[in-house]
Amino acid sequence: MNINRTDALDMVRESISQVIPGAGIAALGPDEAFRDALEMDSLDFLSFVEVLSERSGVRIEDEDTPQLATLSGSADFLVARTG
């Protein structure tokens, strides 16, 4: 399944919303770190990665997680892995 950048961004936002309902995603900058901006702890971030993997169908390894720290990074990762 190919995922374009717009769909990838939507998928990332939806995944975050599922883990942290009411998170201020609309105000989140494309290169702003989730963990700082949304006060995600390690368990929240791990849950986000799991939800994103399930939604996208992309297997995410531990070594991939640094790429998932921001909206842009997460979207780029999904597009690259599915394209």
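Refer to the structure above for everything that follows.
Residues numbered from 1 in each chain as written. Predicted model: local features only at pLDDT ≥ 70, side-chain atom pairs only at ≥ 80, totals over all residues. Heavy atoms only, no water.

### Focus on the packing of aromatic side chains
Under the counting rule described, the total for this entry stands at 2 aromatic pairs. Ring geometry for F34 and F48: centres 5.3 Å apart, planes at 75°, overall edge-to-face. With F34 in helix α2 (residues 34-37) and F48 in helix α3 (residues 42-56), the pair connects residues that are 14 residues apart, well separated along the chain. A single burial state applies to F34 and to F48, both of which are buried. Among the aromatic residues, those joined into a cluster by ring pairs are F34, F45 and F48. (Phe/Tyr/Trp six-rings, centres within 6.5 Å; stacked < 30°, edge-to-face > 60°. Helix = DSSP H or I, 4+ residues; strand = E, 2+ residues; numbered from the N terminus. Buried < 20%, exposed > 50% of the residue type's maximum accessible area, 1.4 Å probe, protein only.)

### Overview of the nonpolar core
Grouped together as the largest cluster of nonpolar side chains are 25 residues, with contacts concentrated most on V12, F34, F48, L52, L68 and L78. For this core, the elements supplying multiple residues, two or more each, are α1 (5-19), α3 and α4 (71-82). The leading source of residues in this core is α1, at 6 residues. Residues in contact with F48, not counting those within four places in the same chain, are V12, S15, I16, V19, F34, M40, L68 and S74. (Core = buried A, V, L, I, M, F, W, Y, C linked by side-chain atoms within 4.5 Å. Contact = heavy atoms within 4.5 Å.)

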